[in-house]
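Each chain is listed here by its residues.
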Amino acid sequence: MQSWVIGNWKQNPATNNDVNMLLDQLLAAVAKDGVTTPCQLMVAPSCVHLASVSGRVQGTPILSAAQDISAHSGSTGAYTGDCSAQQVADAGATWTILGHSERRQYHRETNDTLLQKLTHALSQNLNVVLCIGETQAQYDASETFAVLVEQLAVVKDWLAQQSLESISAIQASNLAEHLIIAYEPVWAIGTGKVPTVTEVAATHDYIKQTLASFNNNLAEFTVLYGGSVNADNAASFAANPAINGALVGGAALKSESFLAIAKAFSSAKS
Ligand code: PEP
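Residues numbered from 1 in each chain as written. Predicted model: local features only at pLDDT ≥ 70, side-chain atom pairs only at ≥ 80, totals over all residues. Heavy atoms only, no water.

Within the span of helix H2 (residues 47–57), buried status applies to His49, Leu50, Val53, Ser54 and Val57. In a view along the axis of H2, the buried residues occupy a sector of 135°, so they form one face of it. If you follow the buried residues of H2, they end up packed against helix H1 (16–33), strand E2 (39–44), strand E3 (62–66) and helix H3 (85–90). Looking at the residues trailing H2, positive phi occurs at glycine 59, about 80°. (Buried < 20%, exposed > 50% of the residue type's maximum accessible area, 1.4 Å probe, protein only. Helix = DSSP H or I, 4+ residues; strand = E, 2+ residues; numbered from the N terminus. Arc of directions from axis to C-beta. Contact = heavy atoms within 4.5 Å.)

Moving on: the environment of glycine 227. Mapped onto the elements, glycine 227 comes out in the loop between strand E7 (222–226) and helix H9 (234–238). The exposure class of glycine 227 is buried, given its relative accessible area of 4%. C-alpha separation for the pair glycine 227 and glycine 249, spaced 22 residues apart in sequence, amounts to 7.7 Å. Excluding residues that lie within four positions of it along the chain, glycine 227 makes contacts with Glu184, Ala188, Ile189, Lys193, Val194 and Leu247.

Moving on, we get to the packing of aromatic side chains. The geometry of an aromatic ring pair is captured by two quantities: the separation of the ring centres and the angle between the planes. For the structure shown, the criterion picks out five aromatic pairs. Seen in terms of ring centroids, tyrosine 225 and phenylalanine 237 are 4.7 Å apart; in terms of plane orientation they differ by 25°. Their pairing is stacked. Here the residue tyrosine 225 occupies a position in strand E7, and phenylalanine 237 occupies one in helix H9, the gap between them amounting to twelve residues. Using a relative accessible area of 1% as the deciding quantity, one classes tyrosine 225 as buried. Here the aromatic cluster, defined as three or more aromatic residues joined through ring pairs, consists of Tyr183, Tyr225 and Phe237. (Phe/Tyr/Trp six-rings, centres within 6.5 Å; stacked < 30°, edge-to-face > 60°.)

Among the six residues that make up E2, six are buried, leaving the element largely enclosed by the rest of the structure. The alternating pattern of E2 places Cys39, Leu41 and Val43 on one face and Gln40, Met42 and Ala44 on the opposite face, and all of these are buried. Sheet analysis places strand E1 (residues 3–8) next to E2, joined by six bridges and oriented parallel. The residue bridging asparagine 8 from the neighbouring strand is alanine 44, located in E2. (Pairing = 2+ DSSP bridges.)

Below, the discussion takes up the nonpolar core. Formed by 67 residues in total, the largest nonpolar core has its most connected members in Trp9, Leu175, Leu179, Ile181, Ile207, Ile261 and Phe265. With seven residues, H1 is the largest single contributor of residues to this core. Setting aside residues no more than four positions away along its own chain, isoleucine 181 makes contact with Leu130, Ile132, Leu152, Ile207, Leu211, Thr222, Val223 and Leu224. (Core = buried A, V, L, I, M, F, W, Y, C linked by side-chain atoms within 4.5 Å.)

A word on unusual backbone geometry. A cis amide bond links asparagine 12 to the next residue, proline 13, at an omega of -20°. Backbone geometry at lysine 10 places phi at a positive 50°, although glycine is not the residue there. When you line up the elements, lysine 10 lands in the loop between E1 and H1. In the Ramachandran plot, serine 142 falls in the positive-phi region, its phi being about 55° despite a non-glycine side chain. Position of serine 142 relative to the elements: it lies in the loop between helix H6 (136–140) and helix H7 (144–164).

Here we take up the packing of H1 against H2. Following both chains from N to C, one finds H1 and H2 inclined at 25°, their axes separated by 11 Å at the closest point. When the interaxial angle is binned, H1 and H2 end up roughly parallel. Relative to H2, H1 is oriented so that their crossing is right-handed. Between H1, through Asn16, Val19, Asn20, Leu23, Asp24 and Leu27, and H2, the contact on the second element is made entirely by His49, Ser52, Val53, Arg56 and Val57. Its residues assigned to classes, the contact of H1 with H2 shows five nonpolar, four polar and two charged. (Axes fitted to C-alpha atoms, helices over the stretch in contact; angles between N-to-C directions. Parallel < 35°, antiparallel > 145°, perpendicular 65-115°, else oblique. Left-handed = near helix turned anticlockwise from the far one by under 90°. Nonpolar A, V, L, I, M, F, W, Y, C, P; charged D, E, K, R; others polar.)

What follows concerns the state of the cysteines. A covalent bond between the sulfur atoms of two cysteines is referred to as a disulfide. In the structure shown here, the tally under the stated rule is zero disulfides. Counting only cysteine sulfurs, cysteine 83 is the nearest neighbor of cysteine 47, a cysteine outside any disulfide, at a range of 4.4 Å. Since its relative accessible area comes to 58%, cysteine 47 is described here as exposed. By relative accessible area, which is 29% here, cysteine 83 ends up partly exposed. (Disulfide = S-S within 2.5 Å.)

In the vicinity of the ligand, 14 residues are found, and the nearest of them are Lys10, Glu184, Gly190, Ser228 and Gly249. Glutamate 184 places a polar side-chain atom, nitrogen or oxygen, 2.7 Å from an oxygen atom of the ligand. Glycine 190 places a polar main-chain atom, nitrogen or oxygen, 2.7 Å from an oxygen atom of the ligand. Here the ligand has 290 Å² of accessible area as a free molecule, and 95% of this is covered by the chains. Considering only residue class, the shell around the ligand consists of four nonpolar, eight polar and two charged. (Near = heavy atom within 4 Å. Polar contact = N/O pair within 3.5 Å; in protein donor to acceptor, adjacent residues only side chain to side chain. Areas by Shrake-Rupley, 256 points an atom, 1.4 Å probe, with all protein chains shown as cover.)

Okay, here's the thing in structure tokens:
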């Protein structure tokens, strides 16, 4: 069964040289023993490194993703500081992360913004990893499922929009091939705290059921877990069939830990 391990590099590494060193190690390991099959690897560098990373991974088993795209325009325009879906795709990326909790928190991203971004990405044939997840306060108040339904409304709205006007190259019927959901409890990101595997699996089942309720012609979605995944805990998440992979932050910045996570998913899902 195919699994996914995606490294979100955030605003790291500091220099082009460090980016190349990390990539050298990943590419050498993948070339040496093909460790990752059937686990699909992906890295999401900062936008300034995206074109060079995408160029270097082309033709290798590693995919590249942007960490975000412009909400304002899918192509060009007077939007200082933004990078569009078209530009990201032209840089060689085939995926983009959207709705990471750091974007929701520091850039006040709402469902309306995310619907615009999702629409632009899919219109430009750019696949999407959509991040969703509850805060500590919401978890403590047992509001996780309600929060996830509210955040998944972006997908429901995209489907509704699509049924009115087919504006995307990607059709609703094959959305599951182009959209991955990453369940990332905000309280688990970068904290070393993790939900239990049973909690994650129940949440993933709930996400899959919620998406299926939007349109019963959709194939089952890939749902990843993200939040303090590391070389030590990856195997426990990988062993659960509801968990299709991991979105990794801190541990993706060292090739050893990132590859150890990939190997855990690769062996569990073989
Ligand atoms: C993330 O930011 O997407 C993430 C999962 O970070 P970390 O692995 O460091 O918790």
